[in-house]
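Structure at a glance
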Amino acid sequence: MASQRTDVVVLGAGVVGVSAALHLQAKGRAVTLVDRVAEAATETSFGNTGIVQSEAIYPYTFPRAPLEIAAAALGLDPRVHIRYAALPWIAPWVWRYFLASSPRQRLATAMAMRGLVGRCVAEHRAIAEPAGATALLRQSGWIKAWRTARGEDHAMADVEEEKPFGLPTVKLSRDDLVKLEPHLGDVVSGGVHYPDPLTTADPQALTQAYARLFVARGGRFLAGDALSLASSGDGWTLTTVEGPQQASVAVVALGPWTSDLAKRLGYRFPLGYKRGYHMHYSADGGAFLNRPVLDVERGYVLTPMRRGVRLTTGAEFARRDDPPSTAHLDRLEPFGRELMPELGARLDPAPWLGKRPCLPDMAPVIGPAPRHKGLWFDFGHQHLGLTLGPSSGRLLAELVAGETPFVDPQPFRADRF
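Residues numbered from 1 in each chain as written. Predicted model: local features only at pLDDT ≥ 70, side-chain atom pairs only at ≥ 80, totals over all residues. Heavy atoms only, no water.

Considering the overall build of the protein chain
In plain terms, the rule: Runs of H or I in DSSP of at least four residues are treated as helices and runs of E of at least two as strands, each being numbered from the N terminus. Note that the radius of gyration is over C-alpha atoms, with the globule rule given as 2.2 Å times the number of residues to the power 0.38. Each residue's exposure class comes from its accessible area (1.4 Å probe, protein chains only) as a fraction of the maximum for that residue type: buried when under 20%, exposed when over 50%, partly exposed otherwise. Note on definitions: a residue-residue contact is assigned when non-hydrogen atoms from the two residues lie within 4.5 Å.
A tally of regular secondary structure across the protein chain gives 11 helices and 20 strands. Rg of the C-alpha trace for the protein chain: 21 Å, near the compact-globule value of 22 Å for 417 residues, within the 12% margin. The dimensions of the protein chain, computed from C-alpha atoms along their principal axes, are 65 × 45 × 45 Å. Looking at the 417 residues of the protein chain, the share that counts as buried comes to 60%. Intrachain contacts of the protein chain at a sequence separation of at least 6 include 77% that bridge at least 24 residues.

Written out as structure tokens, the structure is:
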């Protein structure tokens, strides 16, 4: 079968890859989007809290307080679940994550991320409108709810830390909280409302709408084998269901699977995985939520979704391909029923498992490969793939096009490790 030629091939059809394809297409490039199946958002982008987190400038860092570390290690912190059998394999990455979570590095990451995060809402809107997907985005923000004075102190410390960035917040008393979310249980005593973030009731449908826009504008979306990518002359070749594809530029946006291809090409990134689960529930008696709510002390989020109320867990530390476990969700579900007493039956046959791709400094890699002409990376968005997909795609496209980027790309360079 004869090879087909394109300007750019983008590997990975999650929200990061689809966004990159759209932005490259807008620069006048002929783009082919390739995934293992020709359907967008079937993996990590399928399951999340549905929040475009315009407040998430500071990274999710490893705890530094000895008592917090001990609680997590002993399984006493419900925000974290550790697969102890995996420790010999994941310990080196966890150590690098700990080292990169110093106050100094935390601030450095925040300063680097503020440009990408600050554009996340505008970049989503710029794609959602022509994609006909504005109805999938809600301007209701989200809430961090606390149970105790300790939880309040933790949440308000975050607010104080974020003040220099001008992020709007509203502190809520118990009465204020119930006015916004009348079906929250008595276990919560107050909260903080972040009004600016967008939320969606169907992250997969949102990403698929973006992918349809890409195709409608002339892009090609094919099933193919990302691991078949190989240098060929002055470009790249890739095997797809429609035969070999040749391109001058290849963009690797494979999320947690980036390491598989990167190793074949001679790159070793310190990529770890904070796995997360979700389950949908019915809401009894006409109960509802208006926006996502984080249980600060227990570390899960309840989000109103099309399918039901979604409970999304915190972080499971495990190897990427370890078998799924119901342990973390089973532990958190009773807390969810306290937060929302009308939470009903499980609606999914089994918990969904996603694998958040995390680099130690909690910043993505966006930029050229150091040793291969025409090879670019766009991965490692940790908990913020939905948030950062469109703004990352804009940065990548500007770099590929040789334009002045809208944010400093140096903190995201591939050789920083």
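Moving on from the model shown.
A closer look at the nonpolar core
Applicable threshold: For this analysis, a nonpolar core means a set of buried residues of the types Ala, Val, Leu, Ile, Met, Phe, Trp, Tyr and Cys, connected via side-chain atoms within 4.5 Å.
Formed by 57 residues in total, the largest nonpolar core has its most connected members in Leu24 and Tyr210. Of all the elements in the fold, those that place two or more residues in this core are strand E1 (4-11), helix H1 (15-26), strand E2 (31-35), helix H4 (103-118), helix H5 (120-128), helix H8 (203-216), strand E11 (243-252) and helix H11 (385-400). The contact partners of Tyr210, leaving out residues within four places of it in the chain, are Val18, Leu22, His124, Ile127, Ala128, Ala131, Ala133 and Leu137. If you look at the next biggest cluster of nonpolar residues, it comprises 26 residues, including Ala226, Ala247, Ala250 and Ala262.

Some details on the packing of aromatic side chains
As a reminder of what qualifies: Only Phe, Tyr and Trp rings take part, Trp by its six-membered ring, and two of them pair if their centres are within 6.5 Å. Stacked means planes under 30 degrees apart, edge-to-face means over 60, and tilted covers everything else. Working rule: Lys NZ or Arg CZ, within 6 Å of ring centre, within 35 degrees of ring normal, means a charge sits over the ring.
Scanning all chains against the criterion turns up 12 aromatic pairs. With 5.9 Å between their ring centres and 90 degrees between their planes, Phe62 and Phe98 make a pair best called edge-to-face. Highlighted residues: Phe62 in the loop between strand E3 (51-52) and helix H2 (66-73) and Phe98 in helix H3 (residues 87-99), separated in sequence by 36 residues. With respect to class, Phe62 is no different from Phe98; both count as buried. In this structure, Arg64 is placed above the aromatic ring of Phe98, and the distance from its NZ or CZ to the ring centre is 4.2 Å.

Considerations on the packing of H5 against H11
To keep things clear, this is the line we draw: Axis definition: a line fitted to C-alpha atoms, over the contacting stretch in the case of helices. Angles run 0 to 180 degrees between N-to-C directions. Put simply, angles under 35 degrees are roughly parallel, angles over 145 are roughly antiparallel, angles from 65 to 115 are roughly perpendicular, and the rest are oblique. We call Asp, Glu, Lys and Arg charged. Ala, Val, Leu, Ile, Met, Phe, Trp, Tyr, Cys and Pro are nonpolar, and the rest, Gly among them, are polar.
Packing of H5 against H11 brings their axes to within 8 Å, and their N-to-C directions diverge by 80 degrees. Taken together, the axes of H5 and H11 lie roughly perpendicular to each other. Together, Cys120, Glu123, His124 and Ile127 of H5 and Leu386, Thr387, Pro390, Ser391 and Arg394 of H11 make up the contact between the two elements. Classifying every residue of the contact of H5 with H11 gives four nonpolar, three polar and two charged.

Focus on the side chain of Lys144
For the record, the criterion: N or O atoms closer than or at 3.5 Å make up a polar contact, with two conditions inside protein: a donor-capable atom paired with an acceptor-capable one, and, for residues adjacent in sequence, both atoms drawn from side chains.
For Lys144, the location among the structural elements is in strand E5 (residues 142-146). A distance of 3.1 Å separates a polar atom in the side chain of Lys144 from a polar atom in the side chain of Asp158. Leave out the neighbours within four places in its chain, and Lys144 touches Asp158, Glu162, Gly190, Gly191, Val192, Tyr194, Leu294 and Val296.

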